[in-house]
Amino acid sequence: MSIRAVVILTVVSLAILPSRAGNPFAPNVPRVCIDDGCMRGSWMRSVHGERYEAFIGVPFAKPPIGALRFANPVPNDPWTEKELDASGRIPRAPCLQQNLFLPQRGVEGKEDCLYLNVYRPFLSNKTEGKQNSTAPLATLVYIHGGGFFAGYNSPLVAGAEKLMDHPVILVTITYRLAAFGFLSTGDEAASGNFGLKDQRLALRWVQRNIAAFGGDPRLVTIMGHSAGGASVHLHLMHLGNEGIFQRAVSLSGNALAPWSAPRTNPEQLARQQAELLGVKEAHQMTTSELVEALRSIDAERFVDSYKGFTNGSRYPAIVYGPVVESSTVKDAFLTATPKELWSRGEHLSVPWLTGVVPNDGFVFSAPMLKDTDCTKELFAQQQALLLNLLGGAKQPEAFPMLMEHFFNHQSTVGQCFTKEHVGILTKVFNEGLFVYPLMLSVRQHANHTRSNAPIYLYKFNYKGPHSYSSLLAPDNDPPQDFGIVHCDDLIYIFRAPILFPDFSRNSPDAKVTKKMTKLLVDFARTGVAPRLPEGEMSYSDFPQALELTNSNIEDDPIVQKYTNINNEDMYTFWTRFYSY
């Protein structure tokens, strides 16, 4: 659900970054050789003007087209060029998608999209073509969000400039989205989870090759936001990942959230998809015949059909996502539900840093701001959206429970949710889709003492001048403050030049960026986040969250303190809500 999903990404040459990218044809451009071949990158500049090396558009898998559509990713062959152009001069397209958060957008991207970007600080004592003579660096591998149906790893929205002021390597990866990444027939014809398997293959690529970039393969941290954060959580539950990463960071995303829950009848969804595409007798075909028919469909027409799942509603629908695969499937990623695996303690023993912002739920309540004319049909759509997102669509008790608990029966059947209800709806989505899943995962983790890896919690509560609410609610008139919303923490981690202006050097927000990025890099290096002053807590206790909030002191604009995000009343209500 990342607002990365709502970014309007124009495929633009990196030449639009005039002072940050170097000439790819210069003789002294960065060069690295791996088993696949040699590549040349480009020079870029960090926020504080430090030079760093960028290798953009490096293939890690064969193009997932033709027979490889709806199939596990296959490692790429060595490239045929004498030297791969990884300068970013000709940018790679994002994975094929349609951004349903912005229905006016058309289809964008390509199927041939499995490329990654590597950024590393410049070390002056490095010898060309050889590993750095200094100590190997820790590596952050970033998995973008986007509800499993959209998102980008482009330096235009996930720029490395802020992290490159620290001694760390950054890798940003892509993965197949929506049907291309998650369609499943429930059997070996198309087992599903291809997007997660793309991520896994990229992590294996990092494990094999990061030493050539000066990285330490024993110091790899996976970090994701929103659906990317849920993906990180899922990677913790894939025991086949043992050894390929050593720390994990989930920003505003959890695999126990309803929007990340495995689809209950993926075969039926695949046949419905085929019907939307005009495949004749889709419900009579064998699964193998069905997959072959779907492989023959034009890719862009495929994506354009997604709007058929919304039944005319203007609201985005998260149709595709993880599925449970049969244990007989070769190299299966998920063979039980995340709730089952996590509750049984079947996950890697890896330090995990995870947290939220105060109003993550705004990503789902924002569409309500567009509703002006109340009708019975609109209210039915709003109820369906609410219950589908919360995972309570089949529970007759669900809607009355929500109305009683959050609205005190203020709204009755026949009325609509309006702009005045956005704050309450944000609270509903925030609790049910972000905070409660986090609380549940922490409590269940504490029940399995055999896991000696800690969970560290954070709450990003710093309010700056820019917010992703300007993208989610662009027609906010009269202006309304929606607080710190989903993705606002990303503003202080990545540079996004097509979205927000750069912070002035030494401004309060630049100082917040330095503190936030240092927190992440220190965790990547050590596997430890700041703890309570009195020392380590028992794993049987719910850990305190490190809260980053405004200090109102210009020279030190952000203060770190500890807060308790464990709310018993909230936990009791949502446990009851999800028990039906």
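Basis of the calculations
Residues numbered from 1 in each chain as written. Predicted model: local features only at pLDDT ≥ 70, side-chain atom pairs only at ≥ 80, totals over all residues. Heavy atoms only, no water. Disulfide = S-S within 2.5 Å. Helix = DSSP H or I, 4+ residues; strand = E, 2+ residues; numbered from the N terminus. Buried < 20%, exposed > 50% of the residue type's maximum accessible area, 1.4 Å probe, protein only. Salt bridge = Lys/Arg side-chain N within 4 Å of Asp/Glu carboxyl O. Polar contact = N/O pair within 3.5 Å; in protein donor to acceptor, adjacent residues only side chain to side chain. Contact = heavy atoms within 4.5 Å. Pairing = 2+ DSSP bridges. Axes fitted to C-alpha atoms, helices over the stretch in contact; angles between N-to-C directions. Expected span 1.5 Å × (residues − 1). pLDDT = per-residue confidence, 0-100. Right-handed = clockwise from strand over helix to strand, strands pointing away. Parallel < 35°, antiparallel > 145°, perpendicular 65-115°, else oblique. Nonpolar A, V, L, I, M, F, W, Y, C, P; charged D, E, K, R; others polar.

### A closer look at the state of the cysteines
Put plainly, a disulfide is one covalent bond tying together the sulfur atoms of two cysteines.
At step 1: Taken as a whole and judged by the stated rule, the model has 3 disulfides.
At step 2: Across the disulfide, Cys 33 is cross-linked to Cys 38 (sulfur-sulfur distance 2.0 Å). Negative torsions about the S-S bond denote left-handed disulfides, and the value of about 100° found for Cys 33 with Cys 38 makes this one right-handed.
At step 3: Two residues, Cys 95 and Cys 113, share a disulfide whose sulfurs are 2.0 Å apart. In this structure, the disulfide formed by Cys 95 and Cys 113 twists by about 85° around the S-S bond and is classed as right-handed. Within this pair, whereas Cys 95 is found in the loop between strand E5 (84–85) and strand E6 (97–98), its partner Cys 113 is found in the loop between strand E7 (107–108) and strand E8 (115–121), the two being separated by 18 residues in sequence. With respect to class, Cys 95 is no different from Cys 113; both count as buried.
At step 4: Sequence-ordered numbering of the bonded cysteines in the chain gives a disulfide pattern of 1-2, 3-4, 5-6.

### A few points about the pattern of salt bridges
At step 1: Counted by the stated rule, this structure contains 25 salt bridges.
At step 2: Of the charged contacts in the structure, one is a salt bridge between Arg 40 and Glu 83, with a shortest N-O distance of 3.4 Å. Remark: Glu 83 occurs in the loop between strand E4 (51–59) and E5 and Arg 40 occurs in strand E2 (residues 37–40); sequence separation between them is 43 residues.
At step 3: What makes Glu 83 partly exposed here is its relative accessible area of 23%.
At step 4: We note a salt bridge from Arg 495 to Glu 161, for which the minimum N-O separation is 3.2 Å. A residue pair is termed long-range when its members are at least 10 positions apart, and Arg 495 in the loop between helix H12 (469–472) and helix H13 (508–526) and Glu 161 in the loop between strand E9 (137–143) and strand E10 (168–173) qualify at 334 residues. For the pair formed by Arg 495 and Glu 161, the shared burial category is buried.
At step 5: A single salt-bridge network, built from bridges that share partners, covers Arg 31, Arg 40, Glu 83, Asp 85 and Arg 89.

### Regarding the side chain of Gln 246
At step 1: In this fold, Gln 246 is placed in the loop between helix H3 (227–236) and strand E12 (247–251).
At step 2: Among the polar contacts made by the side chain of Gln 246, one reaches the main-chain amide nitrogen of Leu 219 at a distance of 3.3 Å.
At step 3: In this structure Gln 246 touches Pro 217, Arg 218, Leu 219, Val 220, Val 350 and Pro 351, once residues within four positions along its chain are discounted.

### Topic: the sheet that holds E12
At step 1: Reading across the sheet, the 11 strands line up as E3-E4-E8-E10-E9-E11-E12-E13-E14-E15-E16 and stay open at both edges, with mixed pairing between neighbours. Every other strand in the sheet has two partners, leaving strand E3 (42–45) and strand E16 (558–563) as the edge strands with one partner each. Going across the sheet, the axis of each strand differs from the next one's by a mean of 25°, ignoring polarity.
At step 2: Where E8 lies against E10, 4 bridges are found, and the strand directions are antiparallel. Bridging from a neighbouring strand, Leu 116 pairs with Ile 173 of E10.

### A few points about unusual backbone geometry
At step 1: At Phe 70, a residue that is not glycine, the phi angle is positive and equals roughly 60°.
At step 2: Mapped onto the elements of the fold, Phe 70 is located in the loop between E4 and E5.
At step 3: Residue class for Phe 70 comes out buried when judged on its relative accessible area of 1%.
At step 4: Phi at Glu 281 takes a positive value of approximately 55°, unusual for a residue other than glycine.
At step 5: In this fold, Glu 281 is placed in the loop between helix H4 (266–276) and helix H5 (287–295).

### Focus on helix H9 (residues 376–390)
At step 1: With 15 residues, H9 should cover 21 Å at 1.5 Å per step; its first-to-last C-alpha distance of 21 Å lies within 8% of that length.
At step 2: For H9, the full list of buried residues reads Leu 378, Phe 379, Gln 382, Gln 383, Leu 385, Leu 386, Leu 387, Leu 389 and Leu 390.
At step 3: Downstream of H9 by one or two residues, Gly 391 has phi in the positive range, about 80°.

### A few points about the environment of Arg 344
At step 1: With respect to the helices and strands, the residue Arg 344 is situated in the loop between helix H7 (338–343) and strand E13 (352–356).
At step 2: Looking at Arg 344, its side chain comes within polar contact range of the side chain of Glu 346, at 2.7 Å.

### Topic: the confidence of the model for the chain
At step 1: In the predicted model, the chain carries a mean pLDDT of 88, and the fraction of residues at 70 or more is 88%.
At step 2: Here residues 2–21 scores under 50 on pLDDT; set against residues more than four positions off or in separate chains, the count is 80 contacts.
At step 3: Contacts of residues 536–540 to residues separated by more than four positions or lying in other chains number 11 contacts, the stretch itself having pLDDT below 50.

### Thoughts on the pairing of E12
One face of the sheet, then the other: side chains in a regular strand alternate in exactly this way.
At step 1: Of all 5 residues that make up E12, 5 are buried, and the element is covered over most of its length.
At step 2: Where burial is concerned, the two faces of E12 agree: the one with Arg 247, Val 249 and Leu 251 and the one with Ala 248 and Ser 250 are both buried.
At step 3: Pairing geometry for strand E11 (residues 215–225) and E12, over 5 bridges, is parallel. What sits directly across from Gly 224, in E12, is Ser 250.
At step 4: In this region the chain leaves E11, passes through H3 and returns to the parallel neighbour E12; the handedness of that crossover is right-handed.
At step 5: One ladder, built from 4 bridges, connects E12 with E13; its direction is parallel. Counted as the bridge partner of Leu 251 is Gly 355 from E13.

### Quick look at the sheet that holds E5
At step 1: Taken together, the 3 strands give an open sheet; going across it, the order is E1-E2-E5, and neighbouring strands pair in mixed fashion. Strands at the two margins of the open sheet, each flanked by one partner only, are strand E1 (31–34) and E5.
At step 2: In this structure, E2 lies alongside E5, joined through 2 bridges in parallel fashion. Across the sheet, the residue bridging to Met 39 is Leu 84, located in E5.

### Some remarks on the packing of H9 against helix H11 (residues 422–446)
At step 1: Their axes nearest at 10 Å, the elements H9 and H11 cross at an angle of 20°. By the angle class used here, H9 and H11 are roughly parallel. When H9 is examined against H11, the residues Leu 386, Leu 389 and Leu 390 are found in contact with a partner set consisting of Leu 425, Val 428, Phe 429, Gly 432 and Leu 433.
At step 2: Classifying every residue of the contact of H9 with H11 gives 7 nonpolar, 1 polar and no charged.

### Digging into H11
At step 1: Spanning 25 residues, H11 covers 35 Å between terminal C-alpha atoms, matching the ideal 36 Å at 1.5 Å per step.
At step 2: Counting buried positions over the 25 residues of H11 gives 20, a clear majority of the element.

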